[in-house]
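Reading the structure
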Amino acid sequence: MPDSTPAASHSAQLWNTTAYAANGRFVATLATAVTDLLNPQPGEQILDLGCGDGALTAQLAASGAILRGVDVSPAMVSAARARSLQVDQASISDLPYYQQFDAVFSNAALHWIPLAAQPSALASIHRALRPGGRFVAEMGGQGNIAAIRTALSAVLAPHGLDSEALAASFFPSPAHYRSLLETTGFTVHSINLIPRPTPLPGGSDGMSLWLETFRNGVLDRVPDAHRAEALSQTIALLKPVLQDPLTGDWTADYVRLRFHAIRS
Ligand code: BEZ
């Protein structure tokens, strides 16, 4: 189902739950390292921040922990509720919770919040946790999808479009995010940058499907008469670096930032 609500009200990204299930399922299936770091325990109250369609929330709930999901996208909230999960619709910067969670968990959501909005988002997360509670998350980190971003920038610039500004994403270094966490009142146990080249589903259409699923908010700003050409040009630039010449399969140049912090 298409969603007319931007990802975190900072970019024009639209979420389509069908496309996400087909082209973005790896977001949940590649999350083992961060779910291991969370180490959910039976009976714990855990908030899954930016829970999307709830695939990972449901996996976490199987541990016996009591999960609540929250997402800003109404389409994603509906999809997650269809899994019989407790899910609220709210912005990460304005969470309706006060000291009620043992842990806040997040996978692949925090990079949708631009730098200017990070302090209010982190303060909102800090408020939601009980003192001593943990914040365990993974997001895109410094250098994430660098080739894809560079290709989009090069192709969209002649149309007068700044794809980086339109995407409104934030891919920080460990030092930068540590400082944001500490300024908010978290003690950082670990924070690491992990390159994770990610095979895309869809065979030779993999990059086109990825761009249509995760960068539609940028591509939709190209005038209709030039959108298809801009997509083909982006894919042509990426072909020598991200496509396997033998199989035609694509690999996206993901870099993860994974951390474990404690609310003081
Ligand atoms: C990420 O998980 O790093 C990501 C996903 C979609 C767009 C941009 C980044």
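Heads up: these notes are all about the structure in this document. (Residues numbered from 1 in each chain as written. Predicted model: local features only at pLDDT ≥ 70, side-chain atom pairs only at ≥ 80, totals over all residues. Heavy atoms only, no water.)

**Notes on helix H6 (residues 118–128)**
Short version of the rule: Here's how the labels work: a residue is buried when its accessible area is under 20% of the maximum for its type, exposed when over 50%, partly exposed in between, all with a 1.4 Å probe on protein chains only. Each helix corresponds to a stretch of at least 4 residues labelled H or I by DSSP, and each strand to a stretch of at least 2 residues labelled E; elements are numbered beginning at the N terminus. We call two residues in contact whenever any of their non-hydrogen atoms come within 4.5 Å of each other.
Residues of H6 that are buried: Gln118, Ala121, Leu122, Ser124, Ile125, His126 and Ala128. In this structure, the buried side of H6 is in contact with strand S1 (45–49), strand S4 (101–107), strand S5 (129–140), helix H9 (174–184), strand S6 (186–199) and strand S7 (251–263).

**Structural notes on empty space enclosed by the protein**
Heads up, the rule is: A cavity here means a set of points on a 1 Å grid, drawn over the protein atoms and nothing else, where a 1.4 Å probe fits but cannot get out; a pocket is an open set with protein on both sides within 12 Å along at least five of seven lines, and a residue lines either one if it has an atom within 4 Å of a point. Grid points are joined across faces, edges and corners, and a volume is the space filled by probe spheres set on the points. Residue polarity is assigned by list, with Asp, Glu, Lys and Arg as charged and Ala, Val, Leu, Ile, Met, Phe, Trp, Tyr, Cys and Pro as nonpolar; anything else, Gly included, falls into the polar class.
For the structure on display, the rule yields two cavities of 30 Å³ or more. Each pocket or cavity is described by its volume, and for the largest cavity that value is around 620 Å³. If you trace the largest cavity, you find 41 residues lining it, with Tyr20, Asn107, Ala108, Ala109 and Trp112 closest to the centre. Those elements giving two or more residues to the lining of the largest cavity turn out to be helix H2 (26–29), helix H4 (55–61), strand S2 (66–71), helix H10 (206–214) and S7. Classifying every residue of the lining of the largest cavity by side-chain character gives 23 nonpolar, ten polar and eight charged. Approximately 30 Å³ is the volume found for the second largest cavity. In this structure, the second largest cavity is lined by Ser11, Ala12, Gln13, Trp112, Leu166, Ala167, Phe214, Arg215, Gly217 and Val218. Contributing elements (two or more residues each) for the lining of the second largest cavity: helix H8 (163–167) and helix H11 (216–219). For the lining of the second largest cavity, a count of residues per class yields six nonpolar, three polar and one charged.

**Quick look at the sheet that holds S5**
Selection criterion: Pairing between two strands requires that DSSP report at least two bridges joining them. The angle between two axes is taken between their N-to-C directions and runs from 0 to 180 degrees, where each axis is a line fitted to C-alpha atoms and a helix contributes only its stretch in contact.
The strand order across the open sheet built from seven strands is S3-S2-S1-S4-S5-S7-S6, with neighbouring strands paired in mixed fashion. In this open sheet, the two edge strands, each paired with only one partner strand, are strand S3 (86–89) and S6. Each adjacent strand pair in this sheet contributes to an overall mean axis angle of 15°, direction not counted. Of the strand pairs in this sheet, S1 and S4 are connected by four bridges, and their pairing is parallel. Looking at the pairing, Leu47 lines up with Val104 of S4.

**So, the pattern of salt bridges**
Test applied: Any Lys or Arg side-chain nitrogen located within 4 Å of an Asp or Glu carboxyl oxygen qualifies as a salt bridge.
Considering all chains together, one arrives at ten salt bridges under this definition. Here Arg83 and Asp53 are joined by a salt bridge, their closest N and O atoms 3.8 Å apart. Separated by 30 residues along the polypeptide, Arg83 in the loop between helix H5 (74–81) and S3 and Asp53 in the loop between S1 and H4 bring together distant segments of the chain. By relative accessible area, Arg83 is classed as partly exposed at 38%. Put simply, Arg258 and Glu138 hold a salt bridge, and the shortest N to O gap is 2.7 Å. Here the residue Arg258 occupies a position in strand S7, and Glu138 occupies one in strand S5, the gap between them amounting to 120 residues. A single salt-bridge network, built from bridges that share partners, covers Glu138, Arg196 and Arg258.

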